[in-house]
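Survey of secondary and tertiary structure
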Amino acid sequence: MSHPLSLRPVTPADDAFLFELYASTRPDIAALGLPVAQRDMLLRMQWTAQRHGYQARFPSGDHQLVLLGERPAGRLWVAREPVELRLVDITLLPAHRGSGVGTELLRMLQREASAASRPLRLSVARDSPARRLYTRLGFTPVAGVEDGADPYLGLEWRPGPREG
């Protein structure tokens, strides 16, 4: 990372960036070959549904923009619950994936979970390349929720005896 990493709360003025960010995660939609207007309408509907779903499920979640220097690079959505820290969503622009930004954000959350003596939990698509990062940082499948038919896998990181 060549620029300092920081976070700030998402505002309505960030909507255009957040839509662009969401669209960057959906190459499957681009591959459909739809006309641009139809593709954008489909992406916008899905982006809106995702945001409303997160807001409904995690009403007190902390939705922040990830900044490198002054430039938006992604978003981080975290729900700080009494029994866990829940990573609702972490998304970076393609140019910042694999650059260490995601690792630094996850380590920051691990330090927070350790200080609070709570597990850090998340769900990830089983076929997501991000699974390698989570595994490298010590996340393991959540016990008792394994269902091979579910396209998502629940993962958790627990503070060790020295950490929490």
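One structure accompanies this document, and this report is about it. (Residues numbered from 1 in each chain as written. Predicted model: local features only at pLDDT ≥ 70, side-chain atom pairs only at ≥ 80, totals over all residues. Heavy atoms only, no water.)

Okay, the overall build of the chain next. Looking only at helices and strands, one finds 5 helices and 7 strands in the chain. Counting from the amino terminus, helix and strand elements in the chain follow one another as β-α-α-α-β-β-β-α-β-α-β-β. In terms of overall size, the chain behaves like a compact globule, its C-alpha atoms giving a radius of gyration of 16 Å where 164 residues would be expected to give roughly 15 Å. For the chain, the spread of C-alpha atoms along the three principal axes comes to 55 × 40 × 30 Å. (Helix = DSSP H or I, 4+ residues; strand = E, 2+ residues; numbered from the N terminus. Rg over C-alpha atoms; globule rule 2.2 N^0.38 Å.)

Time to look at the packing of aromatic side chains. Applying the stated criterion across every chain yields a total of 3 aromatic pairs. With a centroid separation of 5.7 Å and an interplanar angle of 70°, the aromatic rings of phenylalanine 19 and tryptophan 47 are classed as edge-to-face. With phenylalanine 19 in helix H1 (residues 15–24) and tryptophan 47 in helix H3 (residues 36–57), this pair connects stretches of sequence that are 28 residues apart. Phenylalanine 19 sits in the buried class, given a relative accessible area of 11%. Accessibility expressed as a relative area gives 5% for tryptophan 47, which makes it buried. Between tyrosine 134 and phenylalanine 139, the aromatic rings sit 5.5 Å apart at their centres with planes inclined by 65°, giving edge-to-face as the arrangement. Comparing tyrosine 134 with phenylalanine 139 shows no difference in burial state: the two are buried. In this structure, arginine 51 is placed above the aromatic ring of tryptophan 47, and the distance from its NZ or CZ to the ring centre is 4.4 Å. (Phe/Tyr/Trp six-rings, centres within 6.5 Å; stacked < 30°, edge-to-face > 60°. Buried < 20%, exposed > 50% of the residue type's maximum accessible area, 1.4 Å probe, protein only. Lys NZ or Arg CZ within 6 Å of the ring centre and 35° of its normal.)

A side chain of one charge can pair with a side chain of the opposite charge if their charged atoms are brought near each other. In the structure shown here, the tally under the stated rule is 12 salt bridges. Aspartate 14 is the partner of arginine 8 in a salt bridge, and the nearest nitrogen-oxygen pair spans 2.7 Å. Here arginine 8 falls in the partly exposed class, since its relative accessible area comes to 29%. Glutamate 84 is paired through a salt bridge with arginine 121; the nearest N and O atoms lie 2.9 Å apart. Taken together, the residues glutamate 84 in the loop between strand S3 (71–80) and strand S4 (85–92) and arginine 121 in strand S5 (residues 120–125) connect sequence positions 37 residues apart. (Salt bridge = Lys/Arg side-chain N within 4 Å of Asp/Glu carboxyl O.)

Attention now goes to the sheet that holds strand S1 (residues 5–9). Taken in spatial order, the 7 strands of this open sheet run S1-S2-S3-S4-S5-S7-S6, and their pairing is mixed. On the outer flanks of this sheet lie S1 and strand S6 (140–141), each paired with one strand and no other. In this structure, S4 lies alongside S5, joined through 3 bridges in parallel fashion. Bridge assignment links arginine 86 to a residue of S5, and that residue is arginine 121. (Pairing = 2+ DSSP bridges.)

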